[in-house]
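Breakdown of the fold
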Amino acid sequence: MKKNFIKGYIAQNNLSIKEVHSRLIEKYGWSDTVQNFNTKINRQTLKYNEILQIADVLGYKIEWVEKH
């Protein structure tokens, strides 16, 4: 997943990386620093479950939809 994709959703919701990081700590108990979180986004090394959690705190859900 492209880093700009995630950062785009963060910006679209008028949030900063730091604000999203704070929400992830509060809701999911993340222990990464905000710097490590930003690095994971930039290096595209987020785990799938982390992406699901980011989507959740932004008010989205990721669904698998069968192609026809």
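By convention here, each chain's residues receive numbers from 1 onward along its written sequence. Totals for whole chains, interfaces and linings use all residues, but because this is a predicted model, local features are given only for residues with pLDDT of at least 70 and pairs of side-chain atoms are given and counted only at 80 or more. In computing side-chain properties, one takes all heavy atoms of the structure into account and sets aside hydrogens as well as water.

Before going further, it helps to examine unusual backbone geometry. Of note, Asn 14 is a non-glycine position whose phi angle comes to about 55°, a positive value. Tracing the sequence through the fold places Asn 14 in the loop between α1 (3-12) and α2 (17-28). Exposed residues in this analysis have more than 50% of their type's maximum accessible area, buried residues have under 20%, and partly exposed residues fall in between, with area computed by a 1.4 Å probe over protein chains only. Residue Asn 14 is classed as exposed on the basis of its relative accessible area, which comes to 69%. The phi torsion at Gln 44 lies on the positive side, around 60°, for a residue other than glycine. In this text, helices come from DSSP runs of H or I with a minimum length of four residues, and strands from runs of E with a minimum of two, each type numbered from the N-terminal end. Structurally, the position occupied by Gln 44 is in the loop between α3 (34-43) and α4 (48-57). For Gln 44, a relative accessible area of 44% corresponds to the partly exposed category.

This part is about the packing of aromatic side chains. Pairing of aromatic side chains here covers Phe, Tyr and the six-membered ring of Trp, requires ring centres within 6.5 Å, and sorts the geometry by plane angle: under 30 degrees stacked, over 60 edge-to-face, intermediate tilted. Evaluation of the coordinates by the stated rule reveals three aromatic pairs. Ring centres 5.1 Å apart and planes at 70° place the aromatic pair Phe 5 and Tyr 9 in the edge-to-face group. Placement of both Phe 5 and Tyr 9 in helix α1 is noted, with a separation of four residues, approximately one turn of the helix. For Phe 5, a relative accessible area of 45% puts it in the partly exposed group. A relative accessible area of 30% means that Tyr 9 is categorised as partly exposed.

Before going further, it helps to spend a moment on a nonpolar patch on the surface. For patches, a residue must show more than 30% relative accessible area and have no salt bridge; joins then use 9 Å for like charges and 5 Å for nonpolar side chains, namely Val, Leu, Ile, Met, Phe, Trp and Tyr. Note on areas: Shrake-Rupley with a 1.4 Å probe; residue coverage comes only from the protein chains shown. We count a salt bridge whenever a side-chain nitrogen from Lys or Arg sits within 4 Å of a carboxyl oxygen from Asp or Glu. There is a patch of nonpolar side chains on the surface, built from Tyr 48, Leu 52, Ile 62 and Trp 64 and spanning about 470 Å² of accessible area. Checked against the element boundaries, Leu 52 lands in helix α4.

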